[in-house]
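Structure assessment
Here are the chains, one letter per residue:
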Number of protein chains: 2
Amino acid sequence: MSSKTVRPGLKSDQQPEKSLDLRALRRTPGFMLRLAQLKFFEGFYEEFAALGLTPATYAIFAVIRDNPGVPPSSLASLLRLRLPNLIKILNELESSGFIKRNRSKADRRAVELMLTPKGAKLIAEGARLTEPYNEKMLALLSAAEQRTLLELLNRLLPL
Amino acid sequence: MSSKTVRPGLKSDQQPEKSLDLRALRRTPGFMLRLAQLKFFEGFYEEFAALGLTPATYAIFAVIRDNPGVPPSSLASLLRLRLPNLIKILNELESSGFIKRNRSKADRRAVELMLTPKGAKLIAEGARLTEPYNEKMLALLSAAEQRTLLELLNRLLPL
DNA sequence: TATTGTTATACTCTATAACTATA
DNA sequence: TATAGTTATAGAGTATAACAATA
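To keep things clear, this report deals only with the structure shown in the data block. (Residues numbered from 1 in each chain as written. Chains lettered and ligands numbered in written order. Predicted model: local features only at pLDDT ≥ 70, side-chain atom pairs only at ≥ 80, totals over all residues. Heavy atoms only, no water.)

A few points about the overall build of chain A
Heads up, the condition is: Helix and strand assignments follow DSSP, with helices taken as H or I runs no shorter than four residues and strands as E runs no shorter than two, numbered in order from the N terminus. Partly exposed describes any residue whose relative accessible area lies between the buried limit of under 20% and the exposed limit of over 50%, with all areas from a 1.4 Å probe on protein chains only and scaled to the type maximum. Contacts: residue pairs with any heavy atoms within 4.5 Å of one another.
On a plain count of helices and strands, chain A comes out with seven helices and two strands. Reading the helices (α) and strands (β) of chain A from amino to carboxyl end gives α-α-α-α-α-β-β-α-α. Burial analysis of chain A (159 residues in total) assigns 45% to the buried set. Partitioning the intrachain contacts of chain A with sequence separation of at least 6 by distance along the chain shows that 52% fall at a separation of at least 24.

See below:
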């Protein structure tokens, strides 16, 4: 993976602001979700920097791994990426040798995405970092609470 | 507020992808948090489009309302915005007459942010939309589950 | 004509560097 | 010298329009 994808992220040395009334924002799920997502993404860049994986490429690799032959259009709608933006990422991943594009024989407009052995190796290495990464991000919650949070998010989002 | 801040968002007519193995992503909190945040932000733009409020300006207004005199630096670190990016938003809000900047008498480098009556009126109108908006976004969860989700997010994030 | 993939491109968001004025 | 605010600007993410190939 190219190293330019590794971002610095916000400095983590900033302690929570004191003596401000934040009750309104704390009761705002959308705001709290944004902060939570920032926390996870910043932690991701630190944890997976060595592999050059970003949240987007990690998800792309995982879906292709579990669904070989998935077309770009399905991948885009699933990951909530616009097709042209996904195509740009796929172009980089293909020219770097991580994925392969096959034309479908049934419908020659359609493209079937596959991991190359190099791509399969990369996502396998990434998968080994996933458990400790999630544990670090969720460390402030008990094991039961972690399961509850994940379950509530899944019910909130009809995937 | 300027109408250019109203964004279309993703089409909501896309039904969840069927017959794909998404178990890995469903067990990935970071990915689910991203989807949840997208859902809330897209819903926000629809709900608050008439007022011209964005998630960012809503949060800015709410913090200044509850903490009159708060300096831009505190606001930036609280909302996880870089100071230069916040300044650009504050410039627009001030030239539109929603906020006011005062120089601190104790330290003339410091700026104290206040809402104008026009700004106070706008966030008050926004606040009236907040309850039904949150209820719509969280409709797939029971009232108890909604409270649990919010509590878990708060514990995850030491504000 | 409609659909899949793709390119080109514009816009928004987010980042760093450098400047000012005060301390 | 250090800090708060600001400006300028570059980079990443995300949006639409238009096109080619195929159905």
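Overview of the protein's contact with DNA strand D
Operational definition: Near is defined per residue: the residue qualifies when any heavy atom it owns lies within 4 Å of the molecule or strand. Identification of polar contacts relies on pairs of N or O atoms within 3.5 Å, with a donor-acceptor requirement for protein atoms, meaning one able to donate a hydrogen and the other able to accept it, and with residues adjacent in sequence counted only if both atoms are side-chain atoms. By the convention adopted, Pro, Cys, Tyr, Trp, Phe, Met, Ile, Leu, Val and Ala count as nonpolar, Lys, Arg, Asp and Glu as charged, and the other residues, Gly among them, as polar.
Neighbouring residues of DNA strand D: 23 residues in total, closest Asn85(A), Ser73(B), Ile87(B), Arg101(B) and Arg109(B). Within 4 Å of the protein, the atoms of DNA strand D are drawn from sugar and phosphate moieties in a proportion of 58%. Separating a base nitrogen of DNA strand D from a side-chain N or O atom of Asn85(A) is a distance of 2.7 Å. Of all the secondary structure elements, the ones that give two or more residues to the surface near DNA strand D are helix H5 (83-95) of chain A together with helix H4 (72-79) and helix H5 (83-95) of chain B. Here the element with the most residues in the surface near DNA strand D is H5(B); it accounts for five residues. The residue inventory of the surface near DNA strand D, partitioned by class, reads 11 nonpolar, three polar and nine charged.

Points about the pattern of salt bridges
Which entries qualify depends on this criterion: Salt bridge criterion: a side-chain nitrogen from Lys or Arg within 4 Å of a carboxyl oxygen from Asp or Glu.
All chains considered together, the criterion is met by 18 salt bridges over all chains. Arg109(A) is the partner of Asp107(A) in a salt bridge, and the nearest nitrogen-oxygen pair spans 2.9 Å. Judged by its relative accessible area of 29%, Asp107(A) is partly exposed. For the salt bridge of Glu151(B) with Arg155(B), the shortest nitrogen-to-oxygen distance reads 3.8 Å. Note that Glu151(B) and Arg155(B) are positioned in helix H7 (residues 143-156) at a spacing of four residues, about one turn of the helix. Among the ionic contacts, a cluster of salt bridges with common partners joins Glu145(A), Glu151(B) and Arg155(B).

A word on the relation of the copies chain B and chain A
To be explicit about the condition: C-alpha atoms of residues with pLDDT of at least 70 in both copies form the basis for the least-squares superposition of the copies.
Least-squares fitting of chain B to chain A yields an RMSD of 0.0 Å, with the transformation described by 0.0 Å of translation along the axis and a rotation of 180 degrees. Put plainly, the chains are arranged around a two-fold axis. Take the interface residues of chain B: 100% of them recur as interface residues in chain A, which is what a same-surface contact looks like.

Focus on the interface of chain B and chain A
Rules: Here the quantity called buried area is the total loss of accessible area, with a 1.4 Å probe, experienced by two parts when brought into contact, counted for both.
If you look at the interface, chain B gives 59 residues, while chain A gives 59 residues. Buried area between chain B and chain A, summed over both chains or domains, comes out near 6,400 Å², and the portion from carbon and sulfur atoms is 67%. Contact with chain A buries area across many residues of chain B, yet Arg80(B), Leu156(B) and Leu159(B) alone supply 12% of it, more than any other trio. Across the pair Glu145(A) and Arg155(B) runs a salt bridge whose closest N-O atoms are separated by 1.9 Å. Element by element, the count of residues in the side of chain B that touches chain A is highest for helix H2 (residues 29-48) of chain B, at 14 residues. The class makeup of the residues in the side of chain B that touches chain A is 34 nonpolar, 11 polar and 14 charged.

A closer look at helix H6 (residues 117-137) of chain A
This is how it is decided: Each helix should span, by expectation, one fewer than its residue count multiplied by 1.5 Å.
Counted at 1.5 Å a residue, the expected span for H6(A) with its 21 residues is 30 Å, and the 30 Å between its end C-alpha atoms agrees. Turning to H6(A), its buried residues are Gly119(A), Leu122(A), Ile123(A), Gly126(A), Thr130(A), Tyr133(A), Asn134(A) and Met137(A). The elements touched by buried residues of H6(A) are helix H2 (29-48), helix H3 (55-66) and strand E2 (111-115) of chain A together with H2 and H7 of chain B.

Thoughts on the protein's contact with DNA strand C
As a matter of local geometry, DNA strand C sits amid 22 residues, with Ser73(A), Ile87(A), Arg101(A), Asn85(B) and Arg109(B) nearest to it. The sugar-phosphate backbone supplies 55% of the atoms of DNA strand C found within 4 Å of the protein. In the environment of DNA strand C, a phosphate oxygen lies 2.8 Å from a nitrogen or oxygen atom belonging to the side chain of Ser73(A). Separating a phosphate oxygen of DNA strand C from a backbone N or O atom of Val111(A) is a distance of 3.0 Å. Ranked by residue count, the leading element in the surface near DNA strand C is H5(A), at five residues. Split by residue class, the surface near DNA strand C holds 11 nonpolar, three polar and eight charged.

Thoughts on the packing of H3(A) against H6(A)
All names here are of chain A. Note the threshold: Angles here are taken between N-to-C directions and fall from 0 to 180 degrees, while the axes themselves are lines fitted to C-alpha atoms, restricted in helices to the stretch in contact. Throughout this description, any angle smaller than 35 degrees is read as roughly parallel, any larger than 145 degrees as roughly antiparallel, any in the 65 to 115 degree range as roughly perpendicular, and the remainder as oblique. Two helices cross in a left-handed way if the nearer one is turned anticlockwise from the farther one by less than a right angle. They cross in a right-handed way if the turn is clockwise.
The contact between H3 and H6 brings their axes to 10 Å, and the two run at 115 degrees. Taken together, the axes of H3 and H6 are roughly perpendicular relative to one another. Crossing handedness for the pair H3 and H6: left-handed. Along its contact with H3, which presents Tyr58, Phe61, Ala62 and Arg65, the element H6 presents Gly119, Leu122, Ile123, Gly126, Ala127 and Thr130. Taken together, the residues of the contact of H3 with H6 break down into six nonpolar, three polar and one charged.

Some details on unusual backbone geometry
A negative phi angle characterises most non-glycine residues, just as the trans form characterises most peptide bonds. All names here are of chain A. At Arg80, a position not held by glycine, the phi torsion is positive, near 60 degrees. With respect to the element layout, Arg80 can be found in the loop between helix H4 (72-79) and H5. Taking relative accessible area as the criterion, Arg80 reaches 24% and is therefore assigned partly exposed.

Examining the packing of aromatic side chains
Applicable threshold: In summary, the pairing rule links any two rings of Phe, Tyr or Trp, Trp by its six-membered ring, whose centres are within 6.5 Å, and it sorts them by plane angle into stacked for under 30 degrees, edge-to-face for over 60 and tilted for everything else. Here, over-ring charges are defined by two tests on the NZ atom of lysine or the CZ atom of arginine: distance to the ring centre within 6 Å, and angle to the ring normal within 35 degrees.
Counted according to the given criterion, the structure contains 14 aromatic pairs over all chains. One aromatic cluster is present, built from ring pairs that chain together Phe40(A), Phe44(A), Phe48(A), Tyr58(A) and Tyr133(A). Taking the ring centre of Phe98(B) as reference, the NZ or CZ of Lys118(B) above it sits at 4.7 Å.

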